4 protein chains.
Amino acid sequence: MTSINLNADMGESFGAYTIGNDAAIMPLIQSANLACGFHGGDPMVMQHSLELAKAQGVSVGAHPGYPDLQGFGRRPMTIPNAEVEALVAYQIGALMGLAAKVGWPITHVKPHGALNNFACENQPAAAAIVRAIKAVDASLVLVAPVLSELENEGHKQGLVTAGEIFADRAYTSKGTLVTRGQPGAMIHEPHDALAHILRILETSCLHPLDGSPALPCQPKTICVHGDGEQALATASLLSDTLKQAGYQLETLATLRANQ
Amino acid sequence: MTSINLNADMGESFGAYTIGNDAAIMPLIQSANLACGFHGGDPMVMQHSLELAKAQGVSVGAHPGYPDLQGFGRRPMTIPNAEVEALVAYQIGALMGLAAKVGWPITHVKPHGALNNFACENQPAAAAIVRAIKAVDASLVLVAPVLSELENEGHKQGLVTAGEIFADRAYTSKGTLVTRGQPGAMIHEPHDALAHILRILETSCLHPLDGSPALPCQPKTICVHGDGEQALATASLLSDTLKQAGYQLETLATLRANQ
Amino acid sequence: MTSINLNADMGESFGAYTIGNDAAIMPLIQSANLACGFHGGDPMVMQHSLELAKAQGVSVGAHPGYPDLQGFGRRPMTIPNAEVEALVAYQIGALMGLAAKVGWPITHVKPHGALNNFACENQPAAAAIVRAIKAVDASLVLVAPVLSELENEGHKQGLVTAGEIFADRAYTSKGTLVTRGQPGAMIHEPHDALAHILRILETSCLHPLDGSPALPCQPKTICVHGDGEQALATASLLSDTLKQAGYQLETLATLRANQ
Amino acid sequence: MTSINLNADMGESFGAYTIGNDAAIMPLIQSANLACGFHGGDPMVMQHSLELAKAQGVSVGAHPGYPDLQGFGRRPMTIPNAEVEALVAYQIGALMGLAAKVGWPITHVKPHGALNNFACENQPAAAAIVRAIKAVDASLVLVAPVLSELENEGHKQGLVTAGEIFADRAYTSKGTLVTRGQPGAMIHEPHDALAHILRILETSCLHPLDGSPALPCQPKTICVHGDGEQALATASLLSDTLKQAGYQLETLATLRANQ
């Protein structure tokens, strides 16, 4: 049986502000990436998210972002790599502090938003992030988009690295995501998203939207979302179909143990 | 030989803002309490402070505060104890993340400012802080003012607890600090501070400013400051005189090991 | 015809975070109190709120709060009155900057959350807030709970002051709000809220929950909320019934002009 | 007599953090650009800066920056122009609120750091900033580097615009500042800075560091700094020498009145 993992970003609420639909998406996934207080999340939100994940046996990871709550970590910022390295270590540690309190150790790290985007295309930033993870806990799994500089650095520096594909996004000829706003960039219909994912899994290749040649890759985890009815329907359809198709849906803890 | 420790709060700079005189005070102390990004400090400042401490063999601890950079964590805020517990765990973890990166593990926790003041007089808040420390790492030493609710909770919950006295502050008949602004609250002259500390150490008692009966206590660490020439002179005089008087000045790591 | 005003707090979203139901409540009210970036709101949210209010002819005011986004300005903080005065002036000015840009001048000020609560019972804080308003623009209307220190200071310092009553809250024998969580504190049912408001308006008195003597007051504005179906239903029922009962529902701009 | 103005950025302290040397530089300049709480400054700092400026008859302006306290507004951030426009209006308004309180109206606006740099080379961003200023108060003077897109937009949209030159920075062949770190970028010696400024003023041209042709410009204001002994010495030498050379050193209020 082939193993695969569904992951979702969550724990991004802040104080009185609620964002996302964590309770609805949690039962459909095997691993949750939790915001760590910089682009979203606060100590109480992080603790509640850890408790929710623990109750459902979902493995948790840090989802570190830029220090930009107002921009939700989605605005490109120019930050030196040495500082990127420090702020990733800070955020992983902060989540580990709360994970120790809750009794549900973290298993992985997946950078967020503009930080993730930058690291996917910039090798020195990717290297800084991977160094930070290794320094804090070299047994953590790196979740990184397949074919990205970040995935490459994870492999190079010897981290267990889970290549990630996106259920709702089309790919360019370089294996990057087609920019939001361009025609065909988003895959809205659950059955389209399912077909998109199955094609990638069955061929072990990305299939660029522009029809250019397929790009071989090794996906280990699929990113789904919980915001919006269609996103939830997609996650649910993916979960059901993959199980029926004989895939083993498992946590990143199990994935790591089986490496 | 009697063991004693000198500690100082540091790493409270933020971004382009510098505060304190960390480089000057570091050689005079054995343990440093580092701000964790809430009332002061940021990932780069924390990393540099850890590196500075490591270079000088100074043991480091978390100095968690309220989430109030503008007020430097000195403004009383009404925060539920469950949230206090979470924000202390977050900050300890964050520093541990950077400490792992620097290779200089933390040894202790000392709450900051208004959070510390509140916990010294409020048992449930003190209990929440101690639970947070135990949950993250039960081997961490708690630095808490002698005779405070916080010191009491540390003992009660079984943490190694280092009772703290202040070189530059007079005490009330209850063993709390005389409020700043009241006559005699501050001890400015280095030789007065030295006499104040020696009297406490030699009698194992606080001697209230108002002449009321001495209060037995077990100080293990002395808080000094690095801001201002007199504070530095006090730290230097204390360090020299205590050594000559036969005290063993040691880190909190050593203090913990000898428990 | 007796004039009355319905007001609601809004514009409290922040960045990617949405809170409240501004679009639904706006058509039911005559004046909106807009967060100014400290406890909620940001420049884009403020601008959009001003545009929405302008489109519907709703008068707008500043809703300044403590600098505590994480606590949504609801956590008591100890801030000197001189600083309260400055932070209120800052927030009013910031909204005026955006109001000039939108072409919809502000008409009033209503402090938010813990700042408002404190000023209602603390004369020096109330005086500081009123001084700040007068200094920035002495023609601004102060919205303050009836019988509060804040309302009193508004009158004393000569601001046009609109006494405020709450549709969904019961009163103590002192004229303050019964603390949330106590039995009877909240008035959930729209018809109960309507009866509560009509009784106050018709008798020009608050009627304490504990049955103690009625407290004469001069309400000019009624605070309603937009969060939750019942709150919206209450606002809608109040608006309809008051119109049918012959009340003139008018903006604070009109109220001020008729002073 | 030719009129000229010396300006300096100040009021950039925050809470317990002090930065710059405002008291020393204030007597040497005619106009002060005050941080508005985003990259630095807070309501109390702004108020104190306004009081200091008023006491010395120095005209004050807003110095709006990106919402990035940790990066001191110096980190490039990707922010849509509509939001730039709103955050500039917000910050100008906030300072006007405090200026009304202090009784010392503002006269100008000078964007800060990365926001300023971006607007100097990006016409749409420059246009957004100028629109914001005009919308809040069309009588405000725009301080913008000579030959920049920002200066150009100021003229185009009809603002009184004061072209700015820098005492301590060399210029490229395009009229932009030579990037810090490149040889010759910084002019440290006071007499070198004086010669650099006099040459620009006397020739009404920038003289690029690389020897390429002089660039005609119309400077109205000279930016000086207060941090560091040399910067202060430069400001002092410039002030003295320009007076002796017959220049009229005047505020931006006077400059505006004489337009």
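Residues numbered from 1 in each chain as written. Chains lettered and ligands numbered in written order. Predicted model: local features only at pLDDT ≥ 70, side-chain atom pairs only at ≥ 80, totals over all residues. Heavy atoms only, no water.

Trainee: Help me understand helix α5 (residues 123-136) of chain C in this model?
Mentor: Taking 1.5 Å per residue as the helical rise, α5 of chain C with its 14 residues ought to reach 20 Å, and the 20 Å between its terminal C-alpha atoms agrees with that figure. Within the sequence span of α5 of chain C, burial applies to Ala125, Ala126, Ala127, Ala128, Ile129, Val130, Ala132, Ile133 and Val136 of chain C. Those residues of α5 of chain C that are buried are in contact with α3 (81-102), β4 (108-109), α4 (113-121), β5 (141-145) and α6 (149-156) of chain C together with α3 (81-102) of chain D. (Helix = DSSP H or I, 4+ residues; strand = E, 2+ residues; numbered from the N terminus. Expected span 1.5 Å × (residues − 1). Buried < 20%, exposed > 50% of the residue type's maximum accessible area, 1.4 Å probe, protein only. Contact = heavy atoms within 4.5 Å.)

Trainee: In this structure, what is going on with the packing of aromatic side chains? I would like to understand it.
Mentor: Given two aromatic rings, one states the distance between the centres and the angle between the planes to describe the pair. According to the stated counting rule, one finds 12 aromatic pairs over all chains in the structure shown. Between Tyr17 of chain A and Tyr17 of chain C, the aromatic rings sit 5.5 Å apart at their centres with planes inclined by 40°, giving tilted as the arrangement. With Tyr17 of chain A in the loop between β1 (3-10) and α1 (22-25) and Tyr17 of chain C in the loop between β1 (3-10) and α1 (22-25), this residue pair bridges two chains. Its relative accessible area of 0% is what places Tyr17 of chain A among the buried residues. An aromatic cluster is built from Tyr17 and Phe72 of chain A together with Tyr17 and Phe72 of chain C, whose rings are joined through pairwise contacts. (Phe/Tyr/Trp six-rings, centres within 6.5 Å; stacked < 30°, edge-to-face > 60°.)

Trainee: Would you mind going over the relation of the copies chain A and chain C with me for this structure?
Mentor: One copy of the chain maps onto the second through a rotation about an axis and a displacement along it. Each copy of the sequence occupies a distinct position, and chain A is placed on chain C by a rotation of 180° and an axial shift of 0.0 Å, giving an RMSD of 0.0 Å. Here the transformation between the copies is reduced to the relation of a two-fold axis. Closest to the rotation axis within chain A is the C-alpha of Tyr17 of chain A, separated from it by 3.0 Å. (Least-squares fit on C-alpha atoms with pLDDT ≥ 70 in both.)

Trainee: Can you help me understand the interface of chain A and chain C in this one?
Mentor: When the parts of a complex come together, some accessible area is lost, and that lost area is often taken as the interface size. At the interface, 16 residues of chain A touch 16 residues of chain C. Buried area between chain A and chain C, both sides added, is near 1100 Å², and the carbon and sulfur share of it is 69%. Where chain A packs against chain C, one counts zero salt bridges. Between the two partners, chain A and chain C, sit two residue pairs in polar contact (both at pLDDT 80 or more). Split into classes, the residues belonging to the side of chain A that touches chain C amount to seven nonpolar, seven polar and two charged. (Buried area = accessible area lost by both parts, 1.4 Å probe. Salt bridge = Lys/Arg side-chain N within 4 Å of Asp/Glu carboxyl O. Polar contact = N/O pair within 3.5 Å; in protein donor to acceptor, adjacent residues only side chain to side chain. Nonpolar A, V, L, I, M, F, W, Y, C, P; charged D, E, K, R; others polar.)

Trainee: I'm lost on the nonpolar core in this one. Help?
Mentor: In a soluble, globular protein the nonpolar side chains are often hidden away together inside. In this structure, Ile222 of chain A, Ile222 of chain B, Ile222 of chain C together with Ile222 of chain D are the most contacted members of the largest nonpolar core, which totals 292 residues. Those residues within four positions of Ile222 of chain D in sequence are excluded, and the remaining contacts are Ile4, Asn5, Leu6, Asn7, Ile165, Ala167, Ile197, Leu201, Leu238 and Leu242 of chain D. (Core = buried A, V, L, I, M, F, W, Y, C linked by side-chain atoms within 4.5 Å.)

Trainee: Would you take a moment to explain the pairing of strand β2 (residues 31-35) of chain B for this structure?
Mentor: It is a general feature of regular strands that their side chains alternate between the two faces of the sheet. Residue and element names in this part refer to chain B. Among the five residues of β2, five are classified as buried, and the element is accordingly described as predominantly covered. Side chains Ser31, Asn33 and Ala35 project from β2 onto one buried face, and the interleaved Ala32 and Leu34 project onto a second face that is buried too. As paired elements, strand β1 (residues 3-10) and β2 share four bridges and run parallel to each other. Pairing of Asn7 across the sheet is with Ser31, part of β2. Pairing geometry for β2 and strand β3 (residues 59-63), over five bridges, is parallel. From the neighbouring strand, Ser31 faces β3, where its bridge partner is Ser59. Assessed by its sense of winding, the connection that carries the chain from β2 through helix α2 (residues 43-56) to β3 is right-handed. (Pairing = 2+ DSSP bridges. Right-handed = clockwise from strand over helix to strand, strands pointing away.)

Trainee: Sorry, what's going on with the environment of Asp240 of chain D here?
Mentor: Mapped onto the elements of the fold, Asp240 of chain D is located in helix α8 (residues 229-244). For the pair Asp240 of chain D and Pro145 of chain D, spaced 95 residues apart in sequence, the C-alpha separation works out to 23 Å.

Trainee: Before we go on, may I ask you to explain the pattern of salt bridges in this structure?
Mentor: Oppositely charged side chains can pair when the atoms bearing their charge come close. All names here are of chain B. Enumeration over the complete set of coordinates arrives at 28 salt bridges over all chains. With a closest N to O distance of 2.6 Å, Lys110 and Glu164 form a salt bridge. Residue Lys110 is located in the loop between β4 (106-109) and α4 (113-121), and its partner Glu164 is located in strand β6 (residues 161-166); the two are separated by 54 residues in the primary sequence. Using a relative accessible area of 3% as the deciding quantity, one classes Lys110 as buried. According to the relative accessible area criterion, Glu164 is buried, its value standing at 1%.

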